Amino acid sequence: MLKNFLLIATRNLLKRKVYSFINIFGLALGMAVCLVILKYVDFELSYDSYHTRADQIHRMYSTYYQNGELRTSNIVSGYALGPALVNDIPGVKKYIRTHPMYGGAVLTYQRENNHSIFHEDNIQFADSTFFDVFTYQAVEGNLNTALDQPNSIVITRDIASRYFKENEDPLGKILHINGGWADGEYEVTAVIENVPENSHFPFEVILPIHNLLMNGQYKEDDGWGWNNFVTYVELEKTADTKMMEEKLPAFVEKYQGEDLGRSNSTRVYSFQPIREIHLKPGLNHESSATISVNTIYFFLLISGFILAIAWVNYINLSTARAMERAREVGIKKSIGAYRSQLMTQFIFESILVNLLSVVIAVGIALGLLPLLGEIVGKTLAFDFTDYRFWLVISGLFVVGSFISGIYPAYLLSSFRITEVLKGKVAQSGRGFSLRKALVVFQFASSLILIAGTFAIYRQLTFMRTQDKGLTMDQMLIMNGPSVLDWKDFKAVKNRLVSLKNEIQKIPGVTGVTTSGVIPGGGHNWGTSMRKVGTQPEENKAGSVVWVDPDFVDTYGMTVVAGRNFNIAIKSDMEAVLINEAALTAFNLGTAEQALEEKIILGDDSVAILGVLKNYNWASLKTEHSPWLLKADTISRRHYSIHVNSSNVNEVIARVEATFKEAFPGNPFDYFFLDDFFNAQYKSDQQFGKIFSLFSILAIVIACLGLWGLASFTTAQKLKEISIRKVLGSSVGGILSLLSWQFLKLVIIASVIAIPLTWYGIDQWLKGFAFRIDLEWVLFIVPVVILAVIALGTVSLQILRGANINPAKVLRSE
């Protein structure tokens, strides 16, 4: 019997090649998308799982409240937190502190003939126990002792290949570090494999934290003042984090209670499992992008939608073809076939289609996965040795065979013999209504995806083009020199100023300024501050950036009140420029009134020289917050060079030559500010690209099914079309009549989808402080696009039927 089922199924597939292609390819594409999304989700959920003791490793984060209001949640703390936890909280086995090399540093490997010299950004300081807790694969060296000595350095394979030739053994070699927090000579004690891509903590160089703690900033601190360290702990296997967190309020009171009490503040520490770090956005100072669990669920929902659209295609076309196979059913019933046998036959056909679809789906998925990996910047690949892969394949096959086969099989096997053999069988209203409902589902799903893609594109465009209050176009950023002889501090400063002046002379350069950081790059100092004359409990968080006096003019910032820095006036160089957000935060009154006030900044009070119009220094996801610009005569960190020239490459070449002449032995590194600033939206851009990719695939699947359904509907109505043509109907009239049947379904789908889309887009936009308005164009345009796609697909089939000679159709009547 199975042999007969297989033979009949194969004949039916070959008999209707177009419908077979639509069914098989549509299902395959839907399954492929599902496989790819599941692989992407699996990758996102696998972060930090490669650590041997991942279940015992936690990161500390704190939530800060002032006057009962939530101020911030972040992962940084003082360097004393780790040791105190080990001493005071039972269950904490080890602590590991890390500290980024802010701004990076220049690494040099000196040879007799030539040097290898590069600016590196991914440098971290860590405790000597770092490799005891975290799992990394050693290429060379002993990780157990690699950070024991203060002058040790551990590098990744990529860094080793960058500085050393193939025949050079990195172990024991000396790398010179300049421009960072711990300049000096460091001996390579180990080389490790590159940090896995599914790590929340990317780095390429690890230095012992010992030298950092010898820095005056930390040496003179009690360990709780400067919050620049990230603290990890390894817990005992039997540790209960809930019970441990119950002891943390008393812990905070013991070490920080007095300081927090002065500002009426509280700090709540929490243990965060390392495997949950990547899935918890919203914490400040993360070293890598995070993703919300809701986003993971959303992509799973998209995969479900796309797979459902593919199954709907199969069900629709199968039920539409029921009339063709009615005579087959009637004959088989008349010679004694049972209904169960007929259902088994049709389900078997569904099994064959799904089997072929699964095989093709794997091939399509192998092509789609690298494309998705390129979008997210990760290496994604299927592991065919992973039992979960085959479990998913089996699940898609079994579930797909059942869902796509059960209703068509039920419908076909339920025909009555007498009606069938007389040729009077007609589609039941229920079957036709179900088909319409399924088409509406396809249209609604496609509309949601189109509208979502459109909204994401509009928001990303808005963030790129929004006036940020800062000139970013044609702003060339050059990293300042790091290899410097600071013994003669004054001479170095003079050389830095001279470099700035020489660059200003280059044709095409309209402005040059230096600063400690640049827009989109954070701040030099994040601290609490308040207006002079107010109490400590009125402290508010603010950000400070050191800039030279030309910064405001070079960046085209608007002075609302007061004036810019004047390097010739000593008091100006000791004052600050604030933004409008600071007026409200510190109760400074109007911009003019603020000029009479002072701000308590650290242990000093500083005068307010001017008020700047609000500007977006950080991402447009965040509200305007207090930013202060503090004057410095020159900064070596970043040179901002505004270029107004059609030949930018020539200007860059002149700048490079000027830089290398002024500071030989330093690498020339540059980038453009708009690219750097927009990199903050990388995760949103990736989300948009992924969403767009899968939306296009969903629409392709829906169009395949719609094309097949329109083709079948047209074939069934050929006699009606021919009669109408004989009676004088035009091709356009016939096209309008039949197209309206599908257009009605688009309208119904729009009524269902628009409210859902409105809600979904509004929820997504709540993550942006500066956002587009929910205008009707966001929903009307997608409806028009869907209508054009649907009508275009349907019209091609209707036109083919309408252009057939009526005589060929009616000659048998």
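Cut-offs applied
- Residues numbered from 1 in each chain as written.
- Predicted model: local features only at pLDDT ≥ 70, side-chain atom pairs only at ≥ 80, totals over all residues.
- Heavy atoms only, no water.
- Helix = DSSP H or I, 4+ residues; strand = E, 2+ residues; numbered from the N terminus.
- Buried < 20%, exposed > 50% of the residue type's maximum accessible area, 1.4 Å probe, protein only.
- Areas by Shrake-Rupley, 256 points an atom, 1.4 Å probe, with all protein chains shown as cover.
- Pairing = 2+ DSSP bridges.
- Polar contact = N/O pair within 3.5 Å; in protein donor to acceptor, adjacent residues only side chain to side chain.
- Contact = heavy atoms within 4.5 Å.
- Expected span 1.5 Å × (residues − 1).
- Axes fitted to C-alpha atoms, helices over the stretch in contact; angles between N-to-C directions.
- Parallel < 35°, antiparallel > 145°, perpendicular 65-115°, else oblique.
- Left-handed = near helix turned anticlockwise from the far one by under 90°.
- Salt bridge = Lys/Arg side-chain N within 4 Å of Asp/Glu carboxyl O.
- Core = buried A, V, L, I, M, F, W, Y, C linked by side-chain atoms within 4.5 Å.
- Phe/Tyr/Trp six-rings, centres within 6.5 Å; stacked < 30°, edge-to-face > 60°.
- Patch = residues over 30% accessible without salt bridge, like charges linked within 9 Å, V, L, I, M, F, W, Y side chains within 5 Å.
- pLDDT = per-residue confidence, 0-100.

With that out of the way, let us pick up the overall build of the protein. Each helix and strand counted, the protein has 27 helices and 25 strands in total. With respect to the three principal axes, the spread of C-alpha positions in the protein is 105 × 60 × 60 Å. Every one of the 813 residues in the protein was classed for burial, and the buried ones make up 50%. Only carbon and sulfur atoms are counted for the fraction: they give 55% of the accessible area of the protein, which is about 37,100 Å².

Counting buried positions over the 7 residues of strand β17 (residues 525-531) gives 5, a clear majority of the element. Judged from the 5 bridges that link them, β17 and strand β18 (residues 540-547) form a sheet pairing that is antiparallel. Residue G526 lies in a different strand from β18, and its bridge partner there is S543. In this structure, β17 lies alongside strand β21 (residues 598-601), joined through 3 bridges in antiparallel fashion. Note that in β21 the partner of K531 across the bridge is I599.

We now examine the side chain of S303. One can find S303 in helix α10 (residues 293-320). Here L300 takes part through its backbone oxygen, which lies 2.6 Å from a polar atom of the side chain of S303. Setting aside residues up to four positions removed in sequence, S303 forms contacts with C34 and I37.

Turning next to helix α2 (residues 17-45). Note: α-helices contain 3.6 residues per turn, so residues at a spacing of three or four share the same orientation. Helix length check: α2, at 29 residues, gives a terminal C-alpha distance of 41 Å against a target of 42 Å (1.5 Å per residue), a fit within 8%. Among the 29 residues that make up α2, 22 are buried, leaving the element largely enclosed by the rest of the structure.

Taken N-terminus to C-terminus, the directions of helix α3 (residues 81-88) and helix α9 (residues 248-262) make an angle of 125°; their axes are 12 Å apart at the nearest point. With respect to each other, α3 and α9 are oriented oblique. α9 is crossed by α3, and the crossing has right-handed handedness. Here α3 contributes L81, A84, L85 and D88 to the contact with α9, which in turn contributes L248, F251, K254 and Y255.

Here the focus is the pattern of salt bridges. Across all of its chains, the model carries 24 salt bridges by this definition. Across the pair D42 and R388 runs a salt bridge, and its minimum N-O distance is 2.9 Å. With D42 in helix α2 and R388 in helix α13 (residues 387-413), the pair connects residues that are 346 residues apart, well separated along the chain. Classification of D42 as partly exposed rests on a relative accessible area of 22%. Residue class for R388 comes out partly exposed when judged on its relative accessible area of 39%. Across the pair E120 and R162 runs a salt bridge whose closest N-O atoms are separated by 2.7 Å. Here E120, found in strand β6 (residues 115-120), pairs with R162, found in helix α5 (residues 157-163); they are 42 residues apart in sequence, far enough to count as distant. We classify E120 as buried; its relative accessible area is 3%. Accessibility expressed as a relative area gives 32% for R162, which makes it partly exposed. Overlapping salt bridges, with partners in common, bring together K39, D42, D386 and R388 in one network.

What follows covers the nonpolar core. Counting residues in each nonpolar core, the largest one holds 128 residues, and the members touching the most others are F443, Y555, M557, L629 and F694. What Y555 contacts, discounting residues up to four positions off in sequence, is G469, L470, T471, M475, I477, T513, I518, P519, S640 and L673. In terms of nonpolar packing, the next biggest core, distinct from the first, is built from 27 residues, I75, I96, A126 and I192 among them.

Moving on, we come to the packing of aromatic side chains. Tallying each qualifying case throughout the model produces 50 aromatic pairs. Taking the centre distance of 5.5 Å and the plane angle of 35° together, the rings of F668 and Y670 count as tilted. You can call F668 buried: its relative accessible area is 14%. Overall, the relative accessible area of 39% leaves Y670 in the partly exposed class. Taken together, the aromatic side chains of Y50, F130, F131, F134, Y136, F201, F203 and Y232 make up a single cluster linked through ring pairs.

Time to look at a nonpolar patch on the surface. Together, W758, W776, I780, V784 and V788 give the surface a local cluster of nonpolar side chains, amounting to about 510 Å² of exposed area. At 3 residues, helix α26 (residues 777-802) tops the list of elements feeding residues into the nonpolar patch. With respect to the element layout, V788 can be found in helix α26. The class of V788 is exposed, set by a relative accessible area of 56%.

It is worth spelling out the pairing of strand β23 (residues 627-631) at this point. Burial analysis of β23 places 5 of its 5 residues in the buried class, the great majority of the element. Because side chains alternate across β23, one face comprises the buried residues W627, L629 and A631, and the other comprises L628 and K630, equally buried. The pairing of β18 with β23 spans 5 bridges and is classified as parallel. Bridging across to β23, V545 finds its partner in L629. In this sheet, β23 lies alongside strand β20 (residues 576-579) in antiparallel orientation, the contact comprising 3 bridges. Paired with I578 across the bridge in β23 is L628.

On to the packing of helix α16 (residues 489-504) against helix α21 (residues 648-662). Close contact between α16 and α21 brings their axes to 10 Å; oriented N to C, the two are set at 160°. Viewed along their axes, α16 and α21 adopt a mutual orientation that is roughly antiparallel. As for how α16 packs across α21, the hand of that crossing is right-handed. Of α21, the residues touching α16 (which contributes R495, L499, E502 and I503) are V655, T658, F659 and A662.

Before going further, it helps to examine the confidence of the model for the protein. Per-residue pLDDT for the protein has a mean of 88; in total, 93% of the residues score no lower than 70. Ignoring residues within four places in sequence, the model shows residues 428-432, a span with pLDDT below 50, making 5 contacts including any to other chains.

Let us look at the environment of I599. Turning to its location among the elements, I599 is positioned in strand β21. Taking relative accessible area as the criterion, I599 reaches 0% and is therefore assigned buried. Here the alpha-carbon distance between I599 and V576, two residues 23 residues apart in the chain, equals 8.8 Å.

Most peptide bonds are trans, and most residues other than glycine sit at a negative phi. In the Ramachandran plot, H285 falls in the positive-phi region, its phi being about 75° despite a non-glycine side chain. For H285, a relative accessible area of 46% puts it in the partly exposed group. At Q474, a position not held by glycine, the phi torsion is positive, near 60°. Locating Q474 in the fold gives a position in the loop between α15 (429-465) and β15 (475-479). Judged by its relative accessible area of 33%, Q474 falls in the partly exposed class.

A word on the environment of Q341. Topologically, Q341 is positioned in helix α12 (residues 339-376). By relative accessible area, Q341 is classed as partly exposed at 28%. Spatially, the C-alpha atom of Q341 lies 79 Å from that of N644, the residues being 303 residues apart in sequence.

The topology assignment puts Y19 in helix α2. Classification of Y19 by relative accessible area gives buried; the value is 7%. Separated by 295 residues in the primary sequence, Y19 and Y314 place their C-alpha atoms 9.2 Å from one another.

What follows deals with the side chain of N23. Within the secondary structure, N23 sits in helix α2. Setting aside residues no more than four positions away along its own chain, N23 makes contact with N313, Y314, L317, V353 and S357.

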